[in-house]
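# Coordinate analysis (summary)
Here's the letter readout for the chains.
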Number of protein chains: 2
Amino acid sequence: MKDINEIIESLDYRREPRGLYEPIGYALSAGGKRVRPRLALLGAQVFGGDEQLVLPAALALEVFHNFTLLHDDVMDKAVVRRGRPTVHVKWDENTAILSGDQMLIEAYKLLSEVKEDKLAGVLRMFNKMATEICEGQQYDVDFEKREDVSIAEYMEMIRLKTSVLLATALQIGAYIAGADEEGQRALYEYGINLGLAFQIQDDLLDCFGDPATFGKAIGGDIREGKKTFMWLTARAKAGAGWSTQGKELAEVLREYEQLGVRKAAEEEIQRLTARALEQLETVPQNGAVAELRGLAAKLAGRTR
Amino acid sequence: MKDINEIIESLDYRREPRGLYEPIGYALSAGGKRVRPRLALLGAQVFGGDEQLVLPAALALEVFHNFTLLHDDVMDKAVVRRGRPTVHVKWDENTAILSGDQMLIEAYKLLSEVKEDKLAGVLRMFNKMATEICEGQQYDVDFEKREDVSIAEYMEMIRLKTSVLLATALQIGAYIAGADEEGQRALYEYGINLGLAFQIQDDLLDCFGDPATFGKAIGGDIREGKKTFMWLTARAKAGAGWSTQGKELAEVLREYEQLGVRKAAEEEIQRLTARALEQLETVPQNGAVAELRGLAAKLAGRTR
């Protein structure tokens, strides 16, 4: 089986009208870790399924993920994605909207290639996930304007925005491979906890990551005043009057240490990683599960 | 069976987060003729199918249609739709993008309720149609910047942008009702020709409609310099140097009469309507077919 990255890059979007398809090819050719299709394939491998049967859904998940990035970049007015100009910068905003729409349709076209006996089930899981991602994005927008966001609400938002796509990738792989509901649920919950741990690790690294390996400048979230796990935990510990406004980056980081925010984040990542690993105890033990274990362990120790 | 309009308005989008779903309910509550779901139901009735089995797909087609209007309005910077502020005006552009995305996903959720034995087929037809509509929109954008658009290219663009949705609605209805490929094709071709006739009628009415019944000001296309059937036919008849630039509305209309553009449009509408009606000769003759005949006749004589 060819490398998943090669397969994605071989999806041919050199079609007419070029103004519609070129941005899709561009968005998909930027690389990335292809985590979601890999998780779909691993989900099938855990239950001894045929990778080829999972491939259309795996590709649909990756195309869908890149569609969300494309439209998110328009909404966030982001100018760079994976070291290259974003689509709405390289072309224009209308192109990003329309090519993004077509990308979402392309995801459903790939999905429609799933074998008929699994199609309805996969479509249902995919639609639920896609809906939750839009809901998560909306909550993220809503939270920017609210001062009373709780940590529980934040966790639910990142569950929707980040975790369900990882979880659904694993579940769809397992489902196509013939796993029962319990098996699907175990991988789904692994994915949820993995995604949450990943996001909090991201919030932590933004404050205490190694600038040499983190890839972006430290403190971006703090400068933007984003309500991350760090920010919300500091406020929960220091009281509703707490804020980063007017404070230097070094001062905020010192407070995060003193208030025990750094420690709380590290403990939460450990707790979520442990919960992710627990889910793997009930599924068939094989090389694919070992890979999922390695993924969780690597994540917990990641520095970028 | 309840009126289709009532069913659409009863789709409940009073969900959380409200910022995501309220604009969807708003966009769907503006009314309109609900032509596409009606055509899906008629398509089934022609072949004696059960309307209830077609309903999920019929609703999906209407939600999809309104999704395209929502994103088109953002791209066109349109401020009014059916007498009310557009979504990006009433809320903002990011809301229109994200709620529009969710609306497309809602269309696929409705579609996933089609019975399993027809699901793969319906999904394939729907995806093909959705793709063609995005392609049509892109050609429309491309044509604005091109001076050498041919009438054939224009017809292909409006086939993609307008006709395939009507045609696919009829085809899906027929398919779910169990029509064979020939029957599906007949209704599909009826829809294609009906849609083309409708668009050229629209181009004609923009020039020679009765201001009292047309609903909008006469000559809007001319003022915007849009390359309609009228414009392209005038240039084909008068030569590549012909243009509306610097001409009064009355002068352009006089030229359209003198060059025989008005007559050409009227003849094209008659020709396309006749071709639409021809398709209906091979399908079962019943009340639903009579309605489709009436629709074509009404269209050919419409003044608004």
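Let me sum up the structure you'll find in this document. Remember, it's a predicted structure, so these values are computed and weren't measured experimentally.

Summing up its helical and strand segments, chain A has 15 helices and two strands in all. Taken against the 2.2 N^0.38 rule, which gives 19 Å for 304 residues, the C-alpha radius of gyration of chain A at 20 Å falls within 12% of a compact globule. In terms of overall dimensions, chain A has a C-alpha envelope of 55 × 50 × 35 Å along the principal axes. Burial statistics for chain A: of 304 residues in total, 57% are counted as buried. Look at the contacts in chain A between residues 6 or more apart in sequence, and 72% of them connect residues 24 or more apart. For chain A, the computed accessible surface area is about 13,000 Å², with 49% contributed by carbon and sulfur atoms. The averaged location of the 48 negative side-chain charges in chain A is 2 Å from the averaged location of its 39 positive side-chain charges.

Turning our eyes to something else, we now look at the nonpolar core. Counting 208 residues, the largest nonpolar core has F64 and Y256 of chain A together with F64 and Y256 of chain B as its most contacted members. Each residue touching Y256 of chain A, except ones within four places of it in the same chain, is listed here: C207, F208, I222, M230, W231, A234, W242, T244, V261 and R262 of chain A.

Counting from both sides, the interface comprises 33 residues of chain A and, opposite them, 33 residues of chain B. For the pair chain A and chain B, the summed buried area comes to about 3,400 Å², and 67% of that belongs to carbon and sulfur atoms. Considering only the surface of chain A that becomes buried against chain B, M75, L98 and I105 of chain A emerge as the three largest contributors, covering 17% of it. Counting every contact that joins chain A to chain B gives zero salt bridges.

Note on the copies: chain A fits chain B at an RMSD of 0.0 Å, the axial shift is 0.0 Å, and the rotation between them is 180°. The transformation just described matches what one would write down for a two-fold rotation axis. Mapped onto chain B, 100% of the interface residues of chain A again fall at the interface, so both copies present the same surface.

Residue and element names in this part refer to chain B. Where helix α14 (residues 261–279) meets helix α15 (residues 287–300), the axes come as close as 10 Å, and the angle between the chain directions of the two elements is 180°. In terms of axis orientation, α14 runs roughly antiparallel to α15. Listed contacts from α15 to I269, Q270, T273 and L277 of α14 are R293, A296 and A300. Split by residue class, the contact of α14 with α15 holds four nonpolar, two polar and one charged.

Here we take up the environment of E144 of chain A. Within the secondary structure, E144 of chain A is located in helix α7 (residues 116–144). Along the sequence, E144 of chain A and G239 of chain A sit 95 residues apart, while their C-alpha atoms lie 19 Å from each other.

All names here are of chain B. Contact geometry for helix α3 (residues 35–46) and α15: axes closest at 8 Å, N-to-C directions at 135°. With respect to each other, α3 and α15 are oriented oblique. For the pair α3 and α15, the contacting residues are L39, L42, Q45 and V46 in the first and A288, V289, E291, L292 and L295 in the second. Here the contact of α3 with α15 is built from residues that sort into seven nonpolar, one polar and one charged.

Let us now look at a nonpolar patch on the surface. A cluster of nonpolar side chains, contributed by V79, V80 and V89 of chain A, occupies part of the molecular surface with about 250 Å² of accessible area. Its place among the elements puts V79 of chain A in the loop between α4 (51–76) and β1 (80–81).

With that settled, the discussion passes to the packing of aromatic side chains. In total, this model carries 15 aromatic pairs over all chains according to the counting rule given. The interplanar angle of 75° and the centroid separation of 5.4 Å between the aromatic rings of F64 of chain A and F126 of chain A together place this pair among those described as edge-to-face. Taken together, the positions of F64 of chain A in helix α4 and F126 of chain A in helix α7 put the pair 62 residues apart, joining distant regions of the chain. By relative accessible area, F64 of chain A is classed as buried at 1%. Seen in terms of ring centroids, W231 of chain A and W242 of chain A are 5.9 Å apart; in terms of plane orientation they differ by 70°. Their pairing is edge-to-face. Of this pair, W231 of chain A sits in helix α12 (residues 229–238) while W242 of chain A sits in the loop between α12 and α13 (249–258), and the two are 11 residues apart along the sequence. Judged by relative accessible area, which is 9%, W242 of chain A ranks as buried. Members of the aromatic cluster, each reached through a chain of ring pairs, are F64, F67, Y108 and F126 of chain A together with F64, F67, Y108 and F126 of chain B. Here K90 of chain A stacks its cationic end above the ring of W91 of chain A, 5.6 Å away from the centre of that ring. Sitting over the face of the ring of F208 of chain B, R262 of chain B holds its NZ or CZ atom 4.3 Å from the ring centroid.

Parameters at a glance
- Residues numbered from 1 in each chain as written.
- Chains lettered and ligands numbered in written order.
- Predicted model: local features only at pLDDT ≥ 70, side-chain atom pairs only at ≥ 80, totals over all residues.
- Heavy atoms only, no water.
- Helix = DSSP H or I, 4+ residues; strand = E, 2+ residues; numbered from the N terminus.
- Rg over C-alpha atoms; globule rule 2.2 N^0.38 Å.
- Buried < 20%, exposed > 50% of the residue type's maximum accessible area, 1.4 Å probe, protein only.
- Contact = heavy atoms within 4.5 Å.
- Areas by Shrake-Rupley, 256 points an atom, 1.4 Å probe, with all protein chains shown as cover.
- Lys, Arg positive; Asp, Glu negative; His and termini not counted.
- Charge placed at Lys NZ, Arg CZ, Asp CG, Glu CD.
- Core = buried A, V, L, I, M, F, W, Y, C linked by side-chain atoms within 4.5 Å.
- Buried area = accessible area lost by both parts, 1.4 Å probe.
- Salt bridge = Lys/Arg side-chain N within 4 Å of Asp/Glu carboxyl O.
- Least-squares fit on C-alpha atoms with pLDDT ≥ 70 in both.
- Axes fitted to C-alpha atoms, helices over the stretch in contact; angles between N-to-C directions.
- Parallel < 35°, antiparallel > 145°, perpendicular 65-115°, else oblique.
- Nonpolar A, V, L, I, M, F, W, Y, C, P; charged D, E, K, R; others polar.
- Patch = residues over 30% accessible without salt bridge, like charges linked within 9 Å, V, L, I, M, F, W, Y side chains within 5 Å.
- Phe/Tyr/Trp six-rings, centres within 6.5 Å; stacked < 30°, edge-to-face > 60°.
- Lys NZ or Arg CZ within 6 Å of the ring centre and 35° of its normal.

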